[in-house]
Amino acid sequence: MLLNTLSTVEKKLNEIDFLDINKIDVFLDTFKHYKKDNIVYPGVFIRNLGISSTAVYRILYELSNIGILEINYEIFCEECNHFRGIIYRSIASIPDDLICDNCNKEITILDYVVVFRMLVDV
Ligand SMILES: [Zn+2]
């Protein structure tokens, strides 16, 4: 990741003030390993930072607002807790005839979880 991207992220983290200095360092240390078009799973940050999923999502949404991340969608079957592993870049692009390949349940376009895509070049 470019140094100035990382400093933009650091500036934003300071501005929104959800994390103390130590956790900002941990966040940046985790974040710098991603490359453009990598999918960022909030769970990684929840584990590494030891903070709530709400706080992590709020931070990642903030980084989406400034064009560093893009909000993406991954289909998740609530029936069998199975991810399909396909990432959609918009809700509109999710097909309306999906079947869970694990339990054959019909999946609706509301069966998704939000993940994030890195938009910046390394
Ligand atoms: Zn299923």
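Residues numbered from 1 in each chain as written. Predicted model: local features only at pLDDT ≥ 70, side-chain atom pairs only at ≥ 80, totals over all residues.

Caption draft 1: Layout of the domain arrangement of the chain. What the domain assignment lists for the chain is domain 1 (3–69) and domain 2 (71–118). Each of domain 1 and domain 2 has a C-alpha centre, and the two are 24 Å apart. Contacts between the two partners involve 11 residues from domain 1, matched on the other side by seven residues from domain 2. Contributing elements (two or more residues each) for the side of domain 1 that touches domain 2: strand S1 (39–40) and helix H4 (53–65). Residues of the side of domain 1 that touches domain 2, tallied by class, amount to six nonpolar, two polar and three charged. (Domains from an automatic or database assignment. Contact = placed C-beta atoms within 7 Å. Helix = DSSP H or I, 4+ residues; strand = E, 2+ residues; numbered from the N terminus. Nonpolar A, V, L, I, M, F, W, Y, C, P; charged D, E, K, R; others polar.)

Caption draft 2: Local environment of the confidence of the model for the chain. Looking at the chain as a whole, its pLDDT mean stands at 92, while 96% of the residues score no less than 70. Mean pLDDT across the elements of the chain ranges from a minimum in strand S3 (residues 82–88), with 87, to a maximum in H4, with 97. (pLDDT = per-residue confidence, 0-100.)

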